[in-house]
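Examination of the molecular architecture
Single-letter residue listing:
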Protein chains: 2
Amino acid sequence: MNGRTAAKARATGPALPAALDDGRVRAVVENVTPSIDGGRFAAKCIAGDRVVIEADCFADGHDVVAARLLWRCDDEAQWRHQPMVPLGNDRWRAELVPEAIGRYRYTVQAWVDRFLSWRHDFERRVDETDLRLAARAGAALAEQAASRAGGDAAARLADWAARLERAAHDERDTAQLKRLGLDAAMAQSMADAPDLGLACVHPVEFPLVVDRERARFSTWYEFFPRSAAQRPGVHGTFKDCEAMLPYVAQMGFDIVYFPPIHPIGRRNRKGRNNTLTPVDDDVGSPWAIGADEGGHQAVHAPLGTLADFDRLVQRASEHGIEIALDIAYQCAPDHPYVKAHPEWFRRRPDGSVQYAENPPKKYQDIYPFDFESDDWRSMWRELADVMLFWIGHGVKVFRVDNPHTKAFPFWEWAITSIKAQHPDVLFLSEAFTRPKVMHRLAKLGFSQSYTYFTWRNTRRELTDYFTELAHGPGRHYFRPNAWPNTPDILPETLQYGGRPAFMARLVLAATLSASYGIYGPSYEHLEATAREPGAEEYLHSEKYELKARDLDRPDSLAAFIGRVNRIRHANAALQANDSLRFLAVDNEQLIAYAKSTPEHDNVVICVVNLDPHHPQSGWIRVDLEALGLAPEEPFQVHELLTDARHLWHGERNYVSLDPQRVPAHVFRLRRRVKREQDFDYFL
Amino acid sequence: MNGRTAAKARATGPALPAALDDGRVRAVVENVTPSIDGGRFAAKCIAGDRVVIEADCFADGHDVVAARLLWRCDDEAQWRHQPMVPLGNDRWRAELVPEAIGRYRYTVQAWVDRFLSWRHDFERRVDETDLRLAARAGAALAEQAASRAGGDAAARLADWAARLERAAHDERDTAQLKRLGLDAAMAQSMADAPDLGLACVHPVEFPLVVDRERARFSTWYEFFPRSAAQRPGVHGTFKDCEAMLPYVAQMGFDIVYFPPIHPIGRRNRKGRNNTLTPVDDDVGSPWAIGADEGGHQAVHAPLGTLADFDRLVQRASEHGIEIALDIAYQCAPDHPYVKAHPEWFRRRPDGSVQYAENPPKKYQDIYPFDFESDDWRSMWRELADVMLFWIGHGVKVFRVDNPHTKAFPFWEWAITSIKAQHPDVLFLSEAFTRPKVMHRLAKLGFSQSYTYFTWRNTRRELTDYFTELAHGPGRHYFRPNAWPNTPDILPETLQYGGRPAFMARLVLAATLSASYGIYGPSYEHLEATAREPGAEEYLHSEKYELKARDLDRPDSLAAFIGRVNRIRHANAALQANDSLRFLAVDNEQLIAYAKSTPEHDNVVICVVNLDPHHPQSGWIRVDLEALGLAPEEPFQVHELLTDARHLWHGERNYVSLDPQRVPAHVFRLRRRVKREQDFDYFL
């Protein structure tokens, strides 16, 4: 290429970037965590949590970089900020502690800190001429900082700048000049007035949903209010539910969840055992919602009135219990929506409404909403209004039925906008489906999610699954809620394992997961008969008929459940999942795991015999260091189910569990605090 | 809440999302890979590569989802598309094969496929009335598709719709109706005219840089043109370089890289061994760029003229060799820029230009550019023009000196915009610094990067590092280039390991990494004397003085290097890194690894003795299945360095390596193709 061609290349040379505001921004921020799909979705935490935010922050060259966390509540205009500290390898960390519930956002800012870079070099300078010149450069930086700082700091910095400039010229003793330049108080004042003119802010504002504690730690009890009378053939009422509250509270539950309480459709109503041939007194499925007298905002008349419901909510709260309602967005054929909003349902070519089906199976008692309806906007609004209506009646927790069969954008909009008005409302996703769909729902805003726990039985299955839940990439947004049974699911383990299986599965749910629930009184009464071999449906399922039970049955697990739930309440280690760690045991039928508070002031070790038929024993290996114990320190394990106490030494310890007695140990680890007159005391 | 409050809640209910175009879009696309920082940076590949693109695609409910890959060259207006296939667990895959170099983008589109959902149900329908109704629904879908499809397809679909509608009413035989509805040709026509009205497109257009093959597979030889005369005291010229080309080509190198060829500063010039007291005939460091006669766009007069350079580039290309220039953006104090553009440099408080320093060290022969200069725009343009100038002189490869000490935004802009005009230009990042900085530079656009190979010596170090390079998250954008030595770095291994270390390190670089380079003739002449014990600098470093060497030295490694490079050219397995797999060996001093083409038609197994002092032997375990061999299949290994052939059976095989002979085996695996008259033939 000759000179002419070169000139041409220049003329057609690259244009300067239009989008780039300032090419002098040298610092970068990468890999901010937590980050759910690059900030598309919110991470979740609880008010008061210490949320660890990290990022890679660095710049070209050898200058010193500084970084800070920016965060604010969504309705605040100004960012708050706090310094990040370097962890090495260009990783930086800060802890964000949101005090109130609501929606927040955070991001990270980094910059080349001219003053820190100057100070780093100044400290190492040897040559006197260089030192004096550098002192003058430092004075200039301080003068600029003075103009950025307010009040006293400005005066202090200006004064220091002047003294440094003078000393650069006058001082005979360079050691004193060096001391002045490295003054720690001034360094702090400089740090308080950083030059952010060329700072880099990560372009994504990462959302964070801050919930109340019950989002993380909750104990659910599901029962059918229509069975609350506990007398054969008598339809239960909200008043009967009130009467059950002491029973439920005694078992230590803090959320009572009701299947739908709305009018039940009459057209195509299902009979007992899900038959298509109902008889007159068949009560139908509460999930077939809506009849002439009303839909999702009405109360099924046999249960009582809206006022009765309001009183029940009030009574429950006096017991420390919240009432959770079932949100099942589907309609019985006689739901008022079907007439009022025909455009919300899909039609078959003969003009009839498309019922739910999975050919060759048909569910003619259920009309699903068509989320591809042209009138989706008014439908969305109406569906959200259903929840707002019940929020108006004191409901703060919704268990959402099959959310994975409704359009994802609806949930994101509904949950986000309801929580914007009512940040204390919680949503439990009842989606037993493919993993990515369940995770998507959690990302969209569901506060808690049902899990595969119901079908995880072996040690390997439980270990893999709960390790993934506690430590996998979903841990920032997917809060598990473990259910050993539901009205839909009587798992095989319970069908064939008898009382030991019911006890073991309860302890597993209650200790592996900070949130869990049971469907009762079926559970405490050990109901275990399936509709047919190989089925998970209950025989004489309560979904289609009233039940009358004797809550005082001598073989009831109620007292055992109460004990387990009181242990959960008394031990903070069991109220979160992030510390979960499985322990090695030399017997495949035993599973052992530990949970701990971050400070190790509460450590719980659980051991469960997974074999409901035979006693099992083995040696478990306690990872002492991870639990904050010195290798040679003896410690007491206090068995909280039986109140027995054992002294353990070292990492290998023996356990034996007879399923005919109690198939589980829940040990609280107690540390020796002092030795006095030959006695050890353990706290 | 009474009715009034409920009405109020409704009135203040959530607003419908403004940003959401259509709430009916039910499919989602998540987790597209490759994705570099969420699409902020480009993945890299080579023209003709099969680039695997994957994504999670799913929707609510049970409808069937379809997905396709969208991609286009940056300068094309229309997306191309190709179907993605489901892998299970909602993961989808397609392969993108860009035929030409340039910059591309890709994204993924997914939708609920009404027709496939209909077809899935139709196949399972039993009830005749339902089947007839469903047939009519299918006919309606086909009619809509006919209006989307063009030409013949439209007619075929319309015809099929009419026949299906007629059959729904007339057909006696539902089996025939079912066959008509499930017609495979029609299903294909439907798939060709999908209803994308409610399709979801992942919002990120992921960039992809497609390079020519040399970006992945290149063999570099660095030498100082001023030493090319090979006569004591005689300054080499470009003409002397021409004379060296056959020597370099014979060794199998395809890129010759020159340290800077520009005028060398006189002010503060460094003397031999980096001293501050040069004598008159000291030639100075070529990295102290610029003197009165010119800067980065000029040629150092003793080397010859620009026309000489142009001819050298031409001669080199006749040998299949490209000339790579060193881009070192820094100035000697007498560089013309310093007078012409004083605003491009930082000043000290006394008005003097700030030289490079790392207190207490000073580099007074070097003025760095100030990337925080207010005049950064004109500086960027000028710096880019330097590369454009040399591109105009036939240079297509740049080795960039210390890019990590220049602002990141500059590199992104310069490389992206130069490649937009010259997509065949390649950039090698010479950043020996912290991992995240090196990765950032690769993300910003550098085609290749120097690595830590120079300091990775033990089996563990090499295994961990090259596993990370081949399989870690950087594999999509960080292309390693391994150098056993450079003019700056004479690693300890070479200082003390003698000829066996030079041979072993060369084989490691040449076979672990598809791109590698050496600084010669220093390397083939086994130069190994450090400036002082513990230093990595060469004594009498060529950076500060001319060298004269006898290229025909009998102890030269040139022939060995030539053999290794011919092996690289003959074996496609060695021309990429993604198949790298380390093999177990029972001797810690031996390292073994395999590389293979995707089709296993070329498989190479390397074994290197890392101990330069003693023979080492051991059993290596060959993962037969991974290399496409049946467990009982005998195979031949053809030792390519010595041409020996061995018959191996099974996965455990014995090797022994004497460093005094050849410290490495490079085996080509040859498969038995047939047995004939008691002879085995291996290909």
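Relevant structure appears above.
Position labels on residues start from 1 in each chain and follow its written sequence. Chains and ligands are labelled sequentially in the order written, the chains with letters from A and the ligands with numbers from 1. Local features in a predicted model are, by the rule used here, given only for residues with pLDDT of at least 70; side-chain atom pairs are given and counted only at 80 or more, and totals for whole chains, interfaces and linings are based on all residues. To get the side-chain values, all heavy atoms of the structure are used, and hydrogens and water are removed first.

Quick look at the interface of chain A and chain B
- Should any heavy atoms of two residues lie within 4.5 Å, those residues are counted as being in contact. Contacts between the two partners involve 83 residues from chain A and, on the opposite side, 83 residues from chain B.
- Salt bridges are defined by distance alone: a side-chain nitrogen of Lys or Arg within 4 Å of a carboxyl oxygen of Asp or Glu. The interface formed by chain A and chain B includes 22 salt bridges.
- Between E357 of chain A and R125 of chain B there is a salt bridge, with its nearest N and O atoms 2.6 Å apart.
- Put simply, DSSP marks the helices as runs of H or I at least four residues long and the strands as runs of E at least two long, and each gets a number from the N terminus on. Looking at the side of chain A that touches chain B, the elements that each hand over two or more residues are α1 (3-11), β1 (27-33), β3 (51-59), α2 (114-124), α3 (128-148), α10 (376-392), α11 (408-421) and α12 (435-444) of chain A.

Observations concerning the pairing of strand β29 (residues 652-657) of chain B
Residues and elements named next belong to chain B.
- In β29, alternate side chains face the same way, and those of N653, V655 and L657 are buried while those of R652, Y654 and S656 on the opposite face are not.
- Bridge count between strand β26 (residues 616-621) and β29: 6 bridges; the pairing is antiparallel. Along β29, the bridge assignment pairs W619 with Y654. Burial classification: accessible surface area is computed with a 1.4 Å probe over protein chains only, and a residue below 20% of its type maximum counts as buried, one above 50% as exposed, and the rest as partly exposed. The pairing criterion is simple: DSSP has to find at least two bridges between the two strands.

Considerations on the sheet that holds strand β7 (residues 91-96) of chain A
Residues and elements named next belong to chain A.
- Within the open sheet, the 4 strands sit side by side as β1-β3-β7-β6. Their pairing is antiparallel. Two strands bound the open sheet, and with one partner strand each, they are β1 and β6 (85-88). Going across the sheet, the axis of each strand differs from the next one's by a mean of 35°, ignoring polarity.
- The pairing of β3 with β7 spans 6 bridges and is antiparallel. If you follow A55 over to β7, its bridge partner there is W92. Helix axes are fitted only over the stretch in contact, all axes being lines through C-alpha atoms; the angle between N-to-C directions runs from 0 to 180 degrees.

Remarks on the relation of the copies chain A and chain B
- Here the copies are matched by least squares. The fit uses the C-alpha atoms of residues with pLDDT of at least 70 in both. Superposing chain A onto chain B requires a rotation of 180° together with a translation of 0.0 Å along the rotation axis, leaving an RMSD of 0.1 Å. Read as a symmetry element, the transformation amounts to a two-fold axis. Measuring from the rotation axis to each C-alpha of chain A, the shortest distance belongs to G38 of chain A, at 3.2 Å.
- The share of interface residues of chain A whose copies in chain B are also at the interface is 100%, consistent with both copies meeting through the same surface.

Structural notes on the side chain of E30 of chain A
- Along the chain, the position of E30 of chain A falls in strand β1.
- By the criterion applied in these results, polar contacts are pairs of N or O atoms within 3.5 Å in which, for protein atoms, one can donate a hydrogen and the other can accept it, and in which residues neighboring in sequence qualify only through two side-chain atoms. In terms of polar contacts, E30 of chain A uses its side chain to reach the side chain of K443 of chain B, at 3.2 Å.
- When neighbours within four sequence positions are excluded, E30 of chain A is seen to be in contact with A55, D56, F58 and R91 of chain A together with D37, F41, R440 and K443 of chain B.

Observations concerning the packing of aromatic side chains
- Only rings of Phe, Tyr and Trp enter the pairing, Trp through its six-membered ring, and a pair is recorded when the two centres are within 6.5 Å. The plane angle decides the type: under 30 degrees is stacked, over 60 is edge-to-face, the rest tilted. Per the stated rule, a full pass over the model turns up 91 aromatic pairs over all chains.
- Their ring planes at 35° and their centres at 6.1 Å tell us that W71 of chain A and Y104 of chain A sit as a pair that is tilted. Within this pair, whereas W71 of chain A is found in strand β4 (residues 65-73), its partner Y104 of chain A is found in strand β8 (residues 102-112), the two being separated by 33 residues in sequence.
- When its relative accessible area of 3% is taken as the criterion, Y104 of chain A is described as buried.
- Grouping aromatic residues by their ring pairs yields a cluster made of Y329, F371, W376, W380, F398, F410, W411, W413, F427 and F446 of chain B.
- For a Lys NZ or an Arg CZ to count as sitting over a ring, it must be within 6 Å of the ring centre and within 35 degrees of the ring normal. Positioned above the aromatic ring of W71 of chain B, the side-chain terminus of R80 of chain B is 4.4 Å from the ring centre.
- Above the plane of the ring of F453 of chain B lies R505 of chain B, whose end atom (NZ or CZ) is 4.0 Å from the centre.

Examining the nonpolar core
- In plain words, nonpolar cores are sets of buried Ala, Val, Leu, Ile, Met, Phe, Trp, Tyr and Cys residues tied together by side-chain atoms within 4.5 Å. Grouped together as the largest cluster of nonpolar side chains are 164 residues, with contacts concentrated most on Y106, F258, F369, W390, F398 and W411 of chain B.
- With residues up to four places along the chain from it excluded, the contact list for F258 of chain B reads F223, P225, F238, C241, L312, I323, A324, L325 and D326 of chain B.
- Judged by nonpolar contacts, the second largest core, of 163 residues, contains W376, V425, A431 and A504 of chain A.

Some thoughts on the pairing of strand β18 (residues 397-401) of chain B
Residue and element names in this part refer to chain B.
- Burial of β18 is extensive: 5 of the 5 residues sit out of reach of the surface.
- Burial of β18 is two-sided: the residues V397, R399 and D401 facing one way and the residues F398 and V400 facing the other way are all buried.
- Two elements, β18 and strand β19 (residues 426-430), share 5 bridges in a ladder whose sense is parallel. Paired with F398 across the strands is F427, a residue of β19.
- A crossover links β18 with its parallel partner β19, the connecting element being helix α11 (residues 408-421), and its sense is right-handed. When the strands point away from the viewer, a crossover counts as right-handed if the path from the first strand over the helix to the second runs clockwise.

A closer look at α10 of chain A
Residue and element names in this part refer to chain A.
- End to end, α10 covers 24 Å across 17 residues, agreeing with the expected 24 Å (1.5 Å per residue, within 8%).
- Of all 17 residues making up α10, 13 are buried, and the element is well covered by its neighbours.
- Following α10 by one or two positions, G394 has its phi on the positive side, about 90°. Every helix has an expected span of 1.5 Å times one less than the residues it contains.

Side note on α11 of chain A
- Counted at 1.5 Å a residue, the expected span for α11 of chain A with its 14 residues is 20 Å, and the 21 Å between its end C-alpha atoms agrees.
- For α11 of chain A, the buried fraction is high: 10 of the 14 residues fall into the buried class.

A look at the sheet that holds strand β21 (residues 480-481) of chain A
- The strand order across the open sheet formed by 8 strands is β21-β20-β19-β18-β13-β12-β11-β22 (chain A), and the pairing between neighbours is parallel. Either end of the sheet is taken by a strand with one partner, and the two such strands are β21 and β22 (515-519) of chain A.

Points about the side chain of S373 of chain B
- Turning to its location among the elements, S373 of chain B is positioned in the loop between β17 (367-368) and α10 (376-391).
- Here the side chain of S373 of chain B touches E343 of chain B through a polar contact of 2.8 Å, landing on its backbone oxygen.
- When residues no more than four places from it in sequence are discounted, the contact partners of S373 of chain B are R24 of chain A together with E343 and W344 of chain B.

Details of the pattern of salt bridges
- Within this structure, the stated rule accounts for 120 salt bridges over all chains.
- Salt-bridge contacts for D74 of chain A lead to R105 of chain A; the nearest nitrogen and oxygen are separated by 2.7 Å. Residue D74 of chain A is found in the loop between β4 and β5 (80-83), and its partner R105 of chain A is found in strand β8; the two are separated by 31 residues along the sequence.
- Judged by its relative accessible area of 24%, R105 of chain A falls in the partly exposed class.
- The network of salt bridges with common partners includes R26, D60, D63 and R114 of chain A together with R346, D370 and E372 of chain B.

Observations concerning the state of the cysteines
- Here, two cysteine sulfur atoms that lie within 2.5 Å of each other are counted as a disulfide. Overall, the coordinates contain 0 disulfides over all chains when judged by the stated rule.
- Free cysteine C45 of chain A: the closest other cysteine sulfur is in C73 of chain A, separated by 11 Å.
- Since its relative accessible area comes to 5%, C45 of chain A is described here as buried.
- With no disulfide of its own, C57 of chain B lies 8.1 Å from the sulfur of C200 of chain B, the closest cysteine sulfur.

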